[in-house]
Structure formats: C-alpha cells, structure tokens
Amino acid sequence: MQKVKNRKSPLLLFLAALIWGVAFVAQSVGMEYVGPFTFNAVRSVIGGIVLIPCIYFLDSRKKKEADQKMGLGTDCSGLEGSGQECRGKNERTDSWKNKTLLTGGICCGICLCIASNLQQIGISYTTVGKAGFITAMYIVLVPVLGIFLKKGAGIRVWISVALAVAGLYLLCMTEKFTLGKGDAYVLLCALFFSFHILTIDHFSPMVDGVKMSCIQFLVSGVLSGILMLVFEQPRIGSILSAWMPILYAGVMSCGVAYTLQIVGQKDMDPTVASLILSLESVVSVLAGWALLHQHLSMRELLGCAVMFAAIVLAQLPEKGRA
C-alpha cells in the first residue's frame with residue numbers, strides 16, 4: 001500500500017506545481033484591481049470554504065467504511081476490536097478538537113499568510129516569470145534549513161546554493177548592482193515558503209491533510225483581512241471586478257493545489273517534494289509568455305537556467321543513498 005501512495009504523491013505535487021505556475025498570472029492580473037492583502041484575504045477564505053463540503057464528504061465516506069467493517073467484523077486498527085472502536089479511533093485522530101491538527105493548521109496558516117502576501121506585493125514590481133523563479137529558491141532553502149533540524153546536507157547542496165546565488169544575480173541585479181524591490185519581496189517569500197514546506201512535513205503525517213489545509217486558509221484569510229483593513233481600503237466593486245483571478249487563486253491555487261501539496265507531501269521527503277513543486281517556476285514563465293506577453297532578456301533567461309540547474313542539482317540523490 002505504501003508503494004501505491006508513493007507513486008501517486010509525485011503526481012499530486014506536479015499537479016499542484018502546474019496550478020501554481022498559472023496562478024502567478026492570476027495574481028498579477030488581480031493586482032490591477034485590488035491590493036495584495038485584499039486579494040489574499042478573499043482568496044484564502046474562498047479556499048477554506050471550498051474545502052468544507054470536501055471534508056464533509058470525506059468524513060461521511062470514512063463513517064460508511066467504518067460501518068461496513070463493523071458489519072463484516074473486520075479489524076481496522078491492527079488490534080482486536082469492534083468496528084465501533086475503529087470508528088472512534090478515526091474520529092479522535094481527525095477531530096477538529098485535535099490539538100495537533102489545530103496547531104499544525106495555525107502554524108501553516110501563519111507561514112502561508114506571510115509568504116503569500118510577500119509574493120503578492122513582489123509580483124506588482126516584477127514579472128511573472130522572475131517571480132516564479134525566485135520563489136523556487138525554496139528548493140535550495142529547504143535542505144539548508146534542514147541542517148538546523150539535524151538533517152545533513154551533502155556537498156551538492158552547497159554547490160547548488162552557489163549556483164542559485166549566481167543565477168539570482170543574473171536574473172535580478174541591475175547595472176547599478178541593486179536588488180529590485182519586487183525581487184527582494186519574492187526572495188523573502190521563498191524563505192517563508194520554505195518554513196511552510198518544513199511545517200507541513202512535520203504535521204501532515206499526524207493529522208487529516210484536508211482539514212489542516214482548511215484551517216491554514218481560514219487563519220491566513222483572517223490575518224490577511226486584518227492587514228487589509230489596516231493598510232488598504234477594500235471596495236466590493238473592485239473585488240467583483242477581479243472575480244476571475246481571485247476565483248482561480250481561491251479555488252484552484254488554494255483549495256486544490258495547497259491541499260494536493262499537503263496530501264502528496266505526506267509520503268515524501270521534503271526536499272524531494274520541493275523539487276517537484278519548483279516546477280511551478282517553469283510553468284510561470286511559460287504562462288507569462290503565453291498569457292501576458294512578458295519577455296525576459298538573454299541575461300535573465302541565463303539566470304533562470306542557472307537557477308533551475310541549482311534546483312535540480314540540490315535534489316540529485318547522493319551515491320550510496322536510497
């Protein structure tokens with residue numbers, strides 16, 4: 001059974017990366033109508049609401065399966081017991097009152113709120129393609145941060161860091177040797193997405209992934225809503241004018257893609273998961289070219305190529321390791 005899950009996990013993460021890559025376009029278009037905090041507040045709440053019927057459906061299916069096992073006298077917990085005991089165990093594990101579930105959802109929501117708002121602000125100052133590639137820096141940051149969690153890193157990781165810095169220089173530095181405002185915001189966003197990935201890696205094996213995803217969106221939506229009221233002047237008319245990009249970002253990017261990430265990452269090493277998720281950078285460039293007619297110079301394209309080489313190198317398996 002574990003092997004089947006492992007085969008499905010990369011596909012789930014790839015689908016998430018595909019959705020996120022196109023979402024960069026939606027985020028860029030949405031900024032023409034509303035501020036970054038308004039955009040993220042509305043889309044996060046939509047993402048959380050979309051998952052509520054999914055959770056109800058999944059819970060109903062679990063109860064039916066438990067009832068069937070009880071009727072067949074099947075032991076679903078690995079111990080001698082009735083179906084009622086099995087169902088009770090599932091309810092305790094997946095209950096909204098589960099402290100681990102609430103803690104994981106809140107921690108993920110805080111990381112997601114900070115990362116997504118930094119990204120949204122940055123997108124207003126840079127291109128979709130550059131934002132996508134800089135965001136993909138989490139592919140290098142995740143294994144580096146893993147060192148502080150007592151997860152060793154080989155020489156390839158450090159080589160990839162050097163390559164990523166070189167690629168970032170080619171992609172973002174101007175002739176005046178300054179980092180663009182938008183590039184700096186997105187680079188900080190990549191750091192917090194790294195925290196988000198590591199937080200999911202810690203909590204997802206212990207809780208219901210869809211419920212944790214729902215909680216993280218509601219937390220992110222509330223926090224973004226507070227920032228919206230403090231720093232922006234949201235108008236219903238502007239939000240309705242941006243209904244299409246907000247709806248895509250809310251339903252697909254939040255409700256679908258982030259849930260695919262949590263479910264898919266449950267059975268994978270976080271650094272391998274981050275490699276697959278980083279494909280969003282490639283999709284973002286293609287989407288920017290196709291939908292927004294945005295182009296990168298040869299220098300910037302070279303920077304993208306070097307960064308992507310660093311992304312791949314960081315995740316190549318070491319010799320002698322499984």
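Structure report, in brief. Keep in mind the model is a prediction, meaning the values are calculated, not measured.

### Observations concerning the nonpolar core
L13, A16, W20, F193, F217, Y258 and L277 are the most contacted members of the largest nonpolar core, which has 27 residues in total. Listed by contribution, the elements that provide at least two residues to this core are α1 (2-30), α2 (36-72), α4 (99-123), α6 (138-147), α8 (181-203), α9 (209-231), α11 (243-265) and α12 (270-277). Excluding residues that lie within four positions of it along the chain, Y258 makes contacts with W20, L112, F193, H196, S213, Q216, F217 and S253.

### Some words on the packing of aromatic side chains
Going through the model one piece at a time under the given rule, you end up with five aromatic pairs. Residues F217 and Y258 carry aromatic rings whose centres are separated by 5.8 Å and whose planes lie at 70° to one another, so their mutual orientation is edge-to-face. Of this pair, F217 sits in helix α9 while Y258 sits in helix α11, and the two are 41 residues apart along the sequence. In this structure, F217 and Y258 share a single accessibility class: buried. These aromatic residues form a ring-pair network of at least three members: W20, F217 and Y258.

### Some details on the environment of G109
Within the element layout of this structure, G109 appears in helix α4. A relative accessible area of 0% means that G109 is categorised as buried. It is 9.2 Å that separates the C-alpha atoms of G109 and M212, two residues lying 103 residues apart in sequence. Here G109 is in contact with Q216, V219 and S220, once residues within four sequence places are set aside.

How each quantity is defined
Sequence order as written defines residue numbering, which begins from 1 separately in each chain. Note on the predicted model: pLDDT of at least 70 is required for a residue's local features to be given, and 80 or more for side-chain atom pairs to be given and counted; whole-chain, interface and lining totals, by contrast, use all residues. Heavy atoms from the whole structure form the basis of all side-chain values; hydrogens and water molecules are not counted. For this analysis, a nonpolar core means a set of buried residues of the types Ala, Val, Leu, Ile, Met, Phe, Trp, Tyr and Cys, connected via side-chain atoms within 4.5 Å. Each residue's exposure class comes from its accessible area (1.4 Å probe, protein chains only) as a fraction of the maximum for that residue type: buried when under 20%, exposed when over 50%, partly exposed otherwise. Secondary structure elements are defined from DSSP: runs of H or I of at least 4 residues count as helices, runs of E of at least 2 residues count as strands, and each element is numbered from the N terminus. A contact between two residues is defined here by any heavy atoms of the two lying within 4.5 Å. Think of it this way: a Phe, Tyr or Trp ring, Trp meaning its six-membered ring, pairs with another when their centres are within 6.5 Å, and the plane angle makes it stacked under 30 degrees, edge-to-face over 60, tilted otherwise.

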